[in-house]
Amino acid sequence: MSDSVLQTLDTISSSNKYNSWIYNCFKDDLYGDVLDVGSGLGDIAKFYSSENINKVILTDYAQEMVWNINQKFADRKNFSTVHMDILSDNCTDIVFEESIDTITCINVLEHFENDLRALKNMNKLLKKEGKLLLLVPALQCIYGTLDSLVG
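Reading guide: rules and limits
Residues numbered from 1 in each chain as written. Predicted model: local features only at pLDDT ≥ 70, side-chain atom pairs only at ≥ 80, totals over all residues. Heavy atoms only, no water. Helix = DSSP H or I, 4+ residues; strand = E, 2+ residues; numbered from the N terminus. Buried < 20%, exposed > 50% of the residue type's maximum accessible area, 1.4 Å probe, protein only. Contact = heavy atoms within 4.5 Å. Areas by Shrake-Rupley, 256 points an atom, 1.4 Å probe, with all protein chains shown as cover. Core = buried A, V, L, I, M, F, W, Y, C linked by side-chain atoms within 4.5 Å. Pairing = 2+ DSSP bridges. Right-handed = clockwise from strand over helix to strand, strands pointing away. Phe/Tyr/Trp six-rings, centres within 6.5 Å; stacked < 30°, edge-to-face > 60°. Axes fitted to C-alpha atoms, helices over the stretch in contact; angles between N-to-C directions. pLDDT = per-residue confidence, 0-100. Patch = residues over 30% accessible without salt bridge, like charges linked within 9 Å, V, L, I, M, F, W, Y side chains within 5 Å. Salt bridge = Lys/Arg side-chain N within 4 Å of Asp/Glu carboxyl O.

Engineer: I would appreciate a short explanation of the overall build of the chain in the present structure.
Structural biologist: Counting its regular elements, the chain contains six helices and five strands. When the elements of the chain are put in sequence order from the N terminus, they spell out α-α-β-β-α-β-α-β-α-β-α. Counting the 151 residues in the chain, one finds 39% classified as buried. By sequence separation, contacts in the chain at least 24 residues apart represent 66% of the contacts at least 6 residues apart. For the chain, the accessible area works out to roughly 8600 Å², and carbon and sulfur atoms hold 51% of it.

In structure tokens form, the structure reads like this:
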């Protein structure tokens, strides 16, 4: 992962009001075992604290990001990290499909070339009555320099 990507993610990470606002939009829908796809630096997941959450699994495709979030959340007992590429054929083998009640994918899906494949894999990981909480940018006109740095 390039230094510019890490610098961009670090800048976004310091935007606590923005990250808190995002979390507050969907916090009432978080429950059970939660899988966070593309956790990055854990900017949104750091707010995940609810009596309705059993455990949180943070994932990223970049091993160095997994290492970073593992360090960041080491003191939170119900948090774990997994190196996982949601586009890979074996991603459903990494996390057991019967265990996921909620998947969060916040400002990540738009970075996948094959977003349909990512959505299909997320669907395979969810329990039948599970929820996908998805946030993607709505307009191309808000695509900015931060977006172009991270692809």
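On we go.
Engineer: Explain the nonpolar core here, please?
Structural biologist: Grouped burial of nonpolar side chains is what soluble globular proteins tend to show. Leu35, Met84, Ile86, Ile103 and Met122 are the most contacted members of the largest nonpolar core, which totals 18 residues. Taken together, the elements giving at least two residues each to this core come down to β4 (100-106) and α5 (115-125). Beyond its immediate chain neighbours, meaning those up to four positions away, Ile103 contacts Leu35, Val37, Met122, Leu125, Leu126, Lys131, Leu132 and Leu133. Membership of the second largest hydrophobic core comes to 16 residues, among which are Val34, Ile44, Ile53 and Phe73.

Engineer: Explanation requested: unusual backbone geometry in the structure shown.
Structural biologist: Excluding glycine, most residues fall at negative phi; most peptide bonds, likewise, are trans. A positive phi angle, close to 55°, is found at Asn107, a residue other than glycine. Along the polypeptide, Asn107 turns up in the loop between β4 and α5. By relative accessible area, which is 25% here, Asn107 ends up partly exposed.

Engineer: Any chance you could explain the pairing of strand β3 (residues 79-83) here in plain terms?
Structural biologist: Along any regular strand the residues' side chains alternate between the sheet's two faces. With five bridges connecting them, strand β2 (residues 53-60) and β3 associate as parallel partners. Directly across from Thr59, in β3, lies its bridge partner Val82. At this point the chain moves from β2, through helix α3 (residues 63-72), to the parallel β3, and the crossover so formed is right-handed.

Engineer: Help me understand the environment of Val34 in this model?
Structural biologist: Its place among the elements puts Val34 in strand β1 (residues 32-36). Look at Val34 and you get buried, because its relative accessible area is 0%. A C-alpha to C-alpha distance of 8.5 Å links Val34 and Leu58, two positions 24 residues apart in sequence. Residues contacting Val34, with those up to four places away along its chain left out, are Tyr48, Ile53, Lys55, Val56, Ile57, Thr102 and Thr104.

Engineer: In this structure, what is going on with the packing of aromatic side chains? I would like to understand it.
Structural biologist: Here the distance between the centres and the angle between the planes together describe a pair of aromatic rings. Counted according to the given criterion, the structure contains six aromatic pairs. Taking 6.1 Å as the distance between ring centres and 80° as the angle between the ring planes, the aromatic pair formed by Tyr23 and Phe26 counts as edge-to-face. Taken together, the residues Tyr23 and Phe26, both in helix α2 (residues 16-26) and three residues apart, mark about one turn of the helix. Chaining the aromatic ring pairs together yields one cluster made of Tyr23, Phe26, Phe47 and Tyr48.

Engineer: What's the story with the sheet that holds β3 in this structure? I'm lost.
Structural biologist: In sheet architecture, strand pairing relies on hydrogen bonds along the backbone and comes in two forms, parallel and antiparallel. Read from one edge to the other, the open sheet built from five strands follows the order β3-β2-β1-β4-β5, with strand pairing classed as parallel. At either end of the open sheet lies a strand with only one pairing partner, and these are β3 and β5 (126-135). Pairwise comparison of adjacent strand axes, ignoring direction, gives a mean angle of 20° for this sheet. Here α3 sits on the sheet in contact with β2 and β3, set at roughly 170° to β3.

Engineer: Can you walk me through the confidence of the model for the chain in this structure?
Structural biologist: Parts of the prediction with low pLDDT should not have their coordinates interpreted in detail. For the chain, mean pLDDT is 85; residues scoring 70 or higher make up 81% of the total. Within the chain, the element-level pLDDT minimum falls on helix α1 (residues 3-13), averaging 55, and the maximum on β1, averaging 96.

Engineer: Any chance you could explain a nonpolar patch on the surface here in plain terms?
Structural biologist: There is a patch of nonpolar side chains on the surface, built from Leu132, Leu134 and Val136 and spanning about 200 Å² of accessible area. Looking at where Leu132 falls in the secondary structure, it is placed in strand β5.

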